[in-house]
Each structure stands twice: as structure tokens, then as C-alpha cells.
Amino acid sequence: MIYFNNAATSWPKPESVYQAVDTFFRNSGMNPGRSGSGKSMDAARMVFAGREEVADFFGVNDSAHIVFNSGATESLNTVIKAVLKRGDHVITSKMEHNSVLRPLERLKIEKAIEVDYIDIDPESAEVDYQGIINAVKDNTRLIVISHASNVLGTVNDLKKIGEIAAAEKILFLVDAAQTAGVIPIDVEELKIDFLAVPGHKSLFGPPGVGALYVRDPKTLLPLKEGGTGTNSLSITQPEIMPDYLEAGTLNTPGIIGLAAGIKFIKNEGLARIHQREMTLLERLIAGLTDLPEIKLYGKKETKNRTAVTAFNHQGLSSNQLAFKLQQEYDIQLRGGLHCAPLLHQSLGTDKTGMLRLSPGYFNTEAEVNEFLNILETCK
């Protein structure tokens, strides 16, 4: 199989991730903080070590401000639904995933919040930074932006947006679903208040695990409350972090796998991983550009982007071509729509969809060449 759907979930995982999760299940499969056994204590130490790994990777000074959860969707919902109050104003973009758009649309009804969806700059394919500045109001409470588009791979300038937010005393939430693991992110340098991170994409962790960085827990109410394994005599949620935002049983094997993925990235080198993926992307874009029946979307340059590109075929719909490639050639990519409806509307692909290619660190140039040769014969 040739797997070009790493923007959805990275595959394969590093061998060290498989081994870490398997070892935990076989030897230490206890619930941290819920038992007096030695193995339970081992699990708690593993979770703490994983929290430290995540904190260090994103420049977080205090790992207690890293909250483990099911992934970026839960992180984004936690912040959006807890931070915004009736009548607040939010600035976001037309690049956003439904994990941002749908909670905001619900709150427009339930809390009468206002939302400005900022356009994408047609030249850079990045968000219109001046548009963000122009949208600021007295009641602007939150700016929420994807670090990179899950459709076009465009990387937004978080430093520029963070400075805008800090100058206006607006909370800044970043969706790092497409960049965590390939683009450096330092929450202090970029003035990020909340960082939503999935474990299963470029951090090489298993599905169902993620993390949320919270600068000031006082800005949030918990999305859920329940058992934490600490202060169990109290019928109210503990105020100490991370327990304040971590009710319920943690996905301990997922956290251990996520930590192993981060260690792999540190050993390989973030820059090396990104450069390898960009080399594959450059070859894909060059090959697609040479095919007359192919229409590419977004910019062709690989500067300020992740290893994601999107295209359509003049003779086949996106879903038809995706199905053909999967069934006849065992090539996995994603056709159709990509949970970014406003971006599809902006690109004029909301009716047709498009095919998304997202090579990863474990793909090869030989696979890219094979894909391009096969695509040239598809009618």
C-alpha cells in the first residue's frame, strides 16, 4: 500500500511507538491514581513523564498546564465553549476545520456570540492578517486560528497573530492539528494562550489521544467533571491543574505512545522530518503540474507550508478517482470534502470536492514516482 493520507492520521508509526504501547498493555495496564498497586504507580509516573515530554516539546514551562484528552477536537471545544460568554466576539478564518466552525455556529445561537470569518489572502494562501486587525472590536474575546490548512498546507504566521492578540488583550487559541510534529511551536515566543494538539498525526501517537495547553486555567470552566484520583472526598472538581481539566480515566497507553512519538521526533530532528516531507511534496507538485488534466489548488511554493496539497482531475470526480486509486492500485489518499466548508466555498470546490495528498516521513520518492505514473494513466 502507498499511504498518502498523513494529514488525517500518520501511518505507519515508528517502531518505538508500537513497542511502548505494547509493553504498557502487557506489563503495566493499570489506571493511574486509582489503585494502590505498584503497577498503578508505574502508570502514574509514565503519564507524568509523558506530560513532561509534551511540555518540553512546545516550550511550556510548567507541565501541569498540559491537559491530556482525546485530541484536538476536544481541546478546541473545551476552550471555545468555556471561554466565550454571551455577546462576546470571535475572530477566526475561512480556513478553519469544522472542529472550530461547528462549536462557534452553535454558540452564535445559544450565546448570541458574534463571529468574523477572515478571508484567505489569494496570493499567499495565508489568512489576511490585516483583516484580523480590522475585525478587532471592544468585545473581541478570542482569536482562533489553524496554524496550517488541512486542505492546502498553508502555514499561518502565528507570531504575527500572537502579537495582534497580545496587544489587544485578546485570548489566542491555536489549532495545531496539521503542524505539531513538523513545525516548531513555542507557546511563550508565539504568545499562545491555548494550544490544541492531536496525538495521532505528525506526533506519531495512537488515535484517541491529544493535549491542550492552557496558559491561565482561570479563563476556563471544565468541559467535564468527575473522578480525578485526587481529593476524592470533595464533591467539587479540584482546582489544581491538570486535574481541574482532566476528569475521567486517562488514555494511558495513548499518552505513552504519544510520548514515544515525541521522543522519536527529537531523535530524528524536527527540521530533518520537515525537510524530507517537503522534498516529497516538491516532487508531487512538480509531477502534478506537468499533467494537463490536473488542477492544483493553493500555492506551488513549498515555503511556509506542510506536506499537504490538493488537486482535481478533469475527467473524474474526486471521489471517483480516490476510489479507483484505492481499489485498483492500493493507494490511500482522501477525496471529497475535508471538514473545511468555508475554504471549499472560497475555492469553488464545495460541490466537487478535491483530492488531498499528504505524504509523511516514512514515504519514499519511489512511491511518489509510482503514484504520478499511475495518475498519468487514469481516465
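No experiment lies behind these values; they were computed from the predicted model shown.

## Regarding the pattern of salt bridges
All chains considered together, the criterion is met by 16 salt bridges. One salt-bridge network, in which partners are shared between bridges, spans Glu53, Asp56 and Lys266.

## Here's the deal with the packing of helix 3 (residues 72-83) against helix 4 (residues 98-110)
At their nearest, the axes of helix 3 and helix 4 sit 9 Å apart, and the two run at 30° to each other. Overall, the two elements helix 3 and helix 4 adopt an arrangement that is roughly parallel. Of the two possible hands of crossing, helix 3 and helix 4 adopt the one that is right-handed. From helix 3, Thr73, Leu76, Asn77, Ile80 and Lys81 reach across to helix 4, where they touch Ser99, Val100, Pro103, Leu104 and Leu107.

## Some points on the side chain of Glu277
Structurally, Glu277 can be placed in helix 8 (residues 270-289). Discounting chain neighbours no more than four positions away, the residues touching Glu277 are Val182, Ala307, Pro359, Gly360 and Tyr361.

## Some thoughts on the packing of aromatic side chains
On inspection of all chains with the given rule, the structure shows nine aromatic pairs. Here the aromatic rings of Tyr3 and Trp11 are separated by 5.7 Å at their centres, their planes lie at 65°, and the arrangement is edge-to-face. The class of Tyr3 is buried, set by a relative accessible area of 13%. Residue class for Trp11 comes out partly exposed when judged on its relative accessible area of 41%. A network of ring pairs unites the aromatic residues Phe204, Phe264, Tyr361 and Phe362 as a single cluster. In this structure, Arg276 is placed above the aromatic ring of Tyr361, and the distance from its NZ or CZ to the ring centre is 5.8 Å.

## Quick word on helix 4
Spacing of three or four residues puts side chains on the same side of an α-helix, whose turn is 3.6 residues. Over its 13 residues, helix 4 extends 18 Å from the first C-alpha to the last, a length consistent with the 18 Å expected when each residue adds 1.5 Å. Taken as a whole, helix 4 has its buried residues at Asn98, Ser99, Val100, Leu101, Pro103, Leu104 and Leu107. Where the residues of helix 4 are buried, they touch helix 3, strand 3 (89-93), strand 4 (114-118), strand 5 (140-146) and helix 10 (341-347). At the exit of helix 4 stands Ala112, carrying a positive phi of roughly 55°.

## Notes on unusual backbone geometry
Negative phi characterises most residues that are not glycine, and trans characterises most peptide bonds. Along the chain, Trp11 connects to Pro12 via a cis peptide bond; the corresponding omega equals -5°. Within the fold, Pro12 resides in the loop between strand 1 (2-3) and helix 1 (15-27). Here the residue pair Met241 and Pro242 is connected by a cis peptide bond, since its omega of 0° sits within 30 degrees of zero. Residue placement: Pro242 occurs in the loop between strand 8 (210-214) and helix 7 (252-268). Of note in the backbone geometry, Asp330 takes a positive phi value of approximately 55° without being a glycine. Along the polypeptide, Asp330 turns up in the loop between helix 9 (318-329) and strand 11 (331-332).

## Details of the nonpolar core
Of all hydrophobic cores here, the largest spans 47 residues; its most connected members are Phe58, Phe68, Ile132, Ile143, Ile192, Leu195 and Leu203. No other element matches helix 7, which puts five residues into this core. Once residues within four sequence positions are removed from consideration, Ile143 is found in contact with Ile91, Ile132, Ile161, Ala165, Ile170, Leu171, Phe172 and Leu173. Residues Ala72, Leu142, Leu171 and Ala196 belong to the second largest nonpolar core, which totals 30 residues.

## A short note on the sheet that holds strand 12 (residues 355-357)
Judged by pairing direction, the sheet is antiparallel, and its three strands sit side by side in the order 9-10-12 without closing on themselves. On the outer flanks of this sheet lie strand 9 (294-297) and strand 12, each paired with one strand and no other. Between one strand axis and the next, the sheet turns by 35° as a mean value, whatever way the strands run. Across three bridges, strand 10 (residues 309-313) lies against strand 12 in antiparallel orientation. Paired with Thr309 across the bridge in strand 12 is Leu357.

## Observations regarding the packing of helix 8 against helix 11 (residues 365-377)
How two helices pack is summed up by the angle between their axes together with the distance between the axes. Here helix 8 crosses helix 11 at 15°, and the two axes come no closer than 10 Å. If you check the angle between helix 8 and helix 11, you find them roughly parallel. Where helix 8 crosses over helix 11, the handedness of that crossing is right-handed. From helix 8, Thr279, Leu280, Arg283, Leu284, Gly287 and Leu288 reach across to helix 11, where they touch Glu365, Val368, Asn369, Phe371, Leu372 and Leu375. In terms of residue class, the contact of helix 8 with helix 11 is built from seven nonpolar, three polar and two charged.

## Description of the pairing of strand 3
Burial runs high along strand 3: five of the five residues are buried. With five bridges connecting them, strand 3 and strand 4 associate as parallel partners. Bridge assignment links Ser93 to a residue of strand 4, and that residue is Ile118. Between the parallel pair strand 3 and strand 4, the chain is carried across by helix 4, and the sense of this crossover is right-handed. Here strand 3 pairs with strand 5 via three bridges, running parallel. Each bridged residue has a counterpart across the sheet, and for His89 the counterpart in strand 5 is Thr140.

Definitions and limits used
- Residues numbered from 1 in each chain as written.
- Predicted model: local features only at pLDDT ≥ 70, side-chain atom pairs only at ≥ 80, totals over all residues.
- Heavy atoms only, no water.
- Salt bridge = Lys/Arg side-chain N within 4 Å of Asp/Glu carboxyl O.
- Axes fitted to C-alpha atoms, helices over the stretch in contact; angles between N-to-C directions.
- Helix = DSSP H or I, 4+ residues; strand = E, 2+ residues; numbered from the N terminus.
- Parallel < 35°, antiparallel > 145°, perpendicular 65-115°, else oblique.
- Left-handed = near helix turned anticlockwise from the far one by under 90°.
- Contact = heavy atoms within 4.5 Å.
- Phe/Tyr/Trp six-rings, centres within 6.5 Å; stacked < 30°, edge-to-face > 60°.
- Buried < 20%, exposed > 50% of the residue type's maximum accessible area, 1.4 Å probe, protein only.
- Lys NZ or Arg CZ within 6 Å of the ring centre and 35° of its normal.
- Expected span 1.5 Å × (residues − 1).
- Core = buried A, V, L, I, M, F, W, Y, C linked by side-chain atoms within 4.5 Å.
- Pairing = 2+ DSSP bridges.
- Nonpolar A, V, L, I, M, F, W, Y, C, P; charged D, E, K, R; others polar.
- Right-handed = clockwise from strand over helix to strand, strands pointing away.

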